[in-house]
Amino acid sequence: MINRLKVLRAERGWSQGDLAERLEVSRQSVNAIETGRYDPSLPLAFRIAELFALPIEAIFVSPSKGDAA
Amino acid sequence: MTRDRDPAELAYVRRVIPTMIVYLALIVALPFLIAWLRPTGPALWLIALLPAFPLSMVFWFYGQFFVELRDEYIRLLEIRKALIATGIVMMAATAWGFLETYAAAPHLPLFAVPLAWFPCQGIGALIVTASERRAMR
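Residues numbered from 1 in each chain as written. Chains lettered and ligands numbered in written order. Predicted model: local features only at pLDDT ≥ 70, side-chain atom pairs only at ≥ 80, totals over all residues. Heavy atoms only, no water.

Per an unreviewed UniProt entry, chain A goes by the name Helix-turn-helix transcriptional regulator and belongs to Sphingomonas echinoides.

Trainee: I'm lost on the environment of B:Leu99 in this one. Help?
Mentor: With respect to the element layout, B:Leu99 can be found in helix α4 (residues 72–103). In this structure B:Leu99 touches B:Ala104 and B:Ala105, once residues within four positions along its chain are discounted. (Helix = DSSP H or I, 4+ residues; strand = E, 2+ residues; numbered from the N terminus. Contact = heavy atoms within 4.5 Å.)

Trainee: What's the story with the confidence of the model for chain A in this structure? I'm lost.
Mentor: It should be kept in mind that the predicted coordinates are not to be read in detail where pLDDT is low. Averaged over all residues, the pLDDT of chain A is 92; the fraction at 70 or higher stands at 94%. When pLDDT is averaged over each helix and strand of chain A, the minimum, 94, is found for helix α3 (residues 27–34) of chain A and the maximum, 97, for helix α4 (residues 42–52) of chain A. (pLDDT = per-residue confidence, 0-100.)

Trainee: What is the right way to look at the nonpolar core in this model?
Mentor: Buried together is how nonpolar side chains tend to be arranged in soluble globular proteins. Core analysis: the biggest nonpolar cluster contains 36 residues, and A:Leu5, A:Leu19, A:Ile33, A:Ile48, A:Phe52, A:Ile59 and B:Tyr12 have the highest contact counts within it. At the level of elements, α1 (5–11), α2 (16–23), α3 and α4 of chain A together with α1 (7–37), α3 (52–68), α4 and α5 (112–136) of chain B are the ones that each hand at least two residues to this core. Residue assignment places this core across two domains, with domain 1 (1–69) and domain 2 (71–137) of chain B each supplying three or more. Not counting the four nearest positions on each side in its chain, A:Ile48 is found in contact with A:Leu5, A:Leu23, A:Ile33, A:Pro40, A:Ile59 and A:Phe60. (Core = buried A, V, L, I, M, F, W, Y, C linked by side-chain atoms within 4.5 Å. Buried < 20%, exposed > 50% of the residue type's maximum accessible area, 1.4 Å probe, protein only. Domains from an automatic or database assignment.)

Trainee: Just to check I follow, could you spell out unusual backbone geometry for this structure?
Mentor: The phi torsion of most residues other than glycine is negative, and most of the peptide bonds are trans. Residue and element names in this part refer to chain A. If you check the backbone angles, Glu24 has positive phi at about 60° while not being a glycine. Checked against the element boundaries, Glu24 lands in the loop between α2 and α3. On the accessibility criterion, Glu24 (65% relative accessible area) is exposed.

Trainee: Would you take a moment to explain the packing of α2(A) against α3(A) for this structure?
Mentor: Two packed helices can be described by the angle between their axes and the distance between those axes. All names here are of chain A. Between α2 and α3, the shortest axis-to-axis distance is 8 Å and the interhelical angle comes to 110°. Here α3 runs roughly perpendicular to α2, going by the angle between their axes. Where α2 abuts α3, its residues Gln16, Gly17, Leu19 and Ala20 lie against Arg27, Val30, Asn31 and Glu34. Here the residues of the contact of α2 with α3 sort into three nonpolar, three polar and two charged. (Axes fitted to C-alpha atoms, helices over the stretch in contact; angles between N-to-C directions. Parallel < 35°, antiparallel > 145°, perpendicular 65-115°, else oblique. Nonpolar A, V, L, I, M, F, W, Y, C, P; charged D, E, K, R; others polar.)

Here is the structure:
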């Protein structure tokens, strides 16, 4: 799934490892989500959204709505 | 590819090692036990089944490992490894069955199938790791 995770992370100056630590997941997971190889579960998507204080749809692009702006 | 160890991995190893020691001890002891006790009927069945219990428990522990993994992506990768191992073992068992039936291949005991699953997990791990490395480049 297309998402803005990499951009949001970079805006805060976090490495993948930093984000992984905050989300309590592996760096591998963060990399897989950022590159669109893995779609997180709804609970993890909510944790990500809460961490960035954004609604889920501001981070993850609905597959039916096409590319991220 | 490095990552922090999930506590579930350590819990799995802690459960499996003593269980496999019991399994190996039973494998060694069973022929002597049967020769000594000379059981028949249900007693023989029960004694013959003894090594099946610890080996079956390892598969149960594997299920627990999947459930206890905190990281859902790592869980997906572990399940992928197990599915690859299961696929390889099932294909090999199918092929060997036909070889036994039609090509006089030597008979293998059925418990070779679950035992072969463990090294096949290694093949699964190699495939998953290679695919992860390629994707993370």
